[in-house]
Amino acid sequence: EMKLIKLSVFAVFIFSKFVFAQQKPSDLGSLSEAIEIATTNIVEGGRYSGDYEIGREIEITVEFRNKTDFIIDGVELELLEKDAWGDTVLTKTLVLTRPIPKMEILTAMWTFEDNEFLKNDEYDILRPFAKYKTGKVSFKIEKIVFDDGTKLIASKKQKKVLNKRL
């Protein structure tokens, strides 16, 4: 009986070493297995110094859900805005360099300030969508990096599929 117990414990040890050794970020097949965008929000607002408005800005909030048992250290995504006719009017790469804990949600925010001296800056382009909800803003996750240095990058096939959905 003692030999049987020792053999069983050894078998469980070997099995668990094999199974857990196979679970690493590089084993994931695609970006969608690792992360998803849970919610987004785009609003126009004021920038204030005390009680005084000193400018206007567009605030983009994106909620990321880490679907893995690994810490994600960074995310690169592409912001695409299309006008009411479906023409792409803005493409912008956004980078998140805050860790997203295992199986948790992290909310990130980007702001685009109005530069009154520049016409058609990012603020001006995003404003109709933020204010009137005309057109369509979408996001594509391009790359993620895990805390062990493993990187997952959208394949050309994934990019084509994502582009067709927009």
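Above: the structure in question.
Residues numbered from 1 in each chain as written. Predicted model: local features only at pLDDT ≥ 70, side-chain atom pairs only at ≥ 80, totals over all residues. Heavy atoms only, no water.

Caption draft 1: Layout of the overall build of the protein chain. Regarding its fold elements, the protein chain presents 4 helices and 7 strands. Reading the helices (α) and strands (β) of the protein chain from amino to carboxyl end gives α-α-β-β-β-β-β-α-β-β-α. Across the protein chain, contacts joining residues at least 24 apart in sequence account for 65% of those joining residues at least 6 apart. Taken as a whole, the protein chain presents about 11,000 Å² of accessible surface, with 55% of it coming from carbon and sulfur. (Helix = DSSP H or I, 4+ residues; strand = E, 2+ residues; numbered from the N terminus. Contact = heavy atoms within 4.5 Å. Areas by Shrake-Rupley, 256 points an atom, 1.4 Å probe, with all protein chains shown as cover.)

Caption draft 2: Quick peek at the sheet that holds strand β2 (residues 52-66). Pairing within the open sheet is antiparallel, and its 3 strands lie in the order β1-β2-β5. Here the strands that pair on one side only, and so sit at the sheet edges, are β1 (35-49) and β5 (105-113). The average undirected angle you get between the axes of adjacent strands in this sheet is 20°. (Pairing = 2+ DSSP bridges. Axes fitted to C-alpha atoms, helices over the stretch in contact; angles between N-to-C directions.)

Caption draft 3: Focus on the packing of aromatic side chains. Throughout the structure, instances matching the rule amount to 1 aromatic pair. Relative to Phe146, the ring of Phe70 lies with its centre 6.1 Å away and its plane at 85°, an arrangement referred to as edge-to-face. Here Phe70 is found in the loop between β2 and β3 (72-82), whereas its partner Phe146 is found in strand β6 (residues 136-146), with 76 residues between them in sequence. For Phe146, a relative accessible area of 1% puts it in the buried group. (Phe/Tyr/Trp six-rings, centres within 6.5 Å; stacked < 30°, edge-to-face > 60°. Buried < 20%, exposed > 50% of the residue type's maximum accessible area, 1.4 Å probe, protein only.)

Caption draft 4: View of the nonpolar core. Ranked by size, the top nonpolar core spans 33 residues in total, and within it Ile60, Phe64, Val75, Leu79, Trp110 and Ile144 carry the most contacts. Residue assignment for this core shows that the elements contributing at least two residues are α2 (31-34), β1, β2, β3, β4 (88-96), β5, α3 (122-132) and β6. Looking at which element gives the most residues to this core, the answer is β6, with 5 residues. Other than its neighbours up to four places away in sequence, Leu79 contacts Ile60, Leu90, Thr91, Lys92, Leu94, Phe112, Leu126, Val137, Ser138 and Phe139. (Core = buried A, V, L, I, M, F, W, Y, C linked by side-chain atoms within 4.5 Å.)

Caption draft 5: Layout of the environment of Pro101. For Pro101, the position within the fold is in the loop between β4 and β5. Judged by relative accessible area, which is 31%, Pro101 ranks as partly exposed. Counting along the chain gives 30 residues from Pro101 to Ile71, while the straight-line C-alpha distance between them is 4.9 Å.

Caption draft 6: How the structure looks around the pairing of β3. Buried residues dominate β3, accounting for 9 of its 11 residues. One ladder, built from 10 bridges, connects β3 with β6; its direction is antiparallel. Each bridged residue has a counterpart across the sheet, and for Lys82 the counterpart in β6 is Lys136. Bridging between β3 and β4 involves 8 bridges; their strand directions are antiparallel. Among the inter-strand pairings, Leu77 is bridged to a residue of β4, identified as Leu94. The turn linking β3 back onto β4 is made up of 5 residues, and Gly86 within it adopts a positive phi angle of 90°.

Caption draft 7: Structural detail: the side chain of Glu44. Secondary-structure assignment places Glu44 in strand β1. Reaching out from Glu44, the side chain makes a polar contact with the side chain of Tyr123 at a distance of 2.4 Å. Here Arg127 takes part through its side chain, which lies 2.8 Å from a polar atom of the side chain of Glu44. Once you skip the residues sitting within four places of it in the chain, Glu44 turns out to touch Arg56, Glu57, Ile58, Tyr123, Arg127, Ala130 and Lys131. (Polar contact = N/O pair within 3.5 Å; in protein donor to acceptor, adjacent residues only side chain to side chain.)

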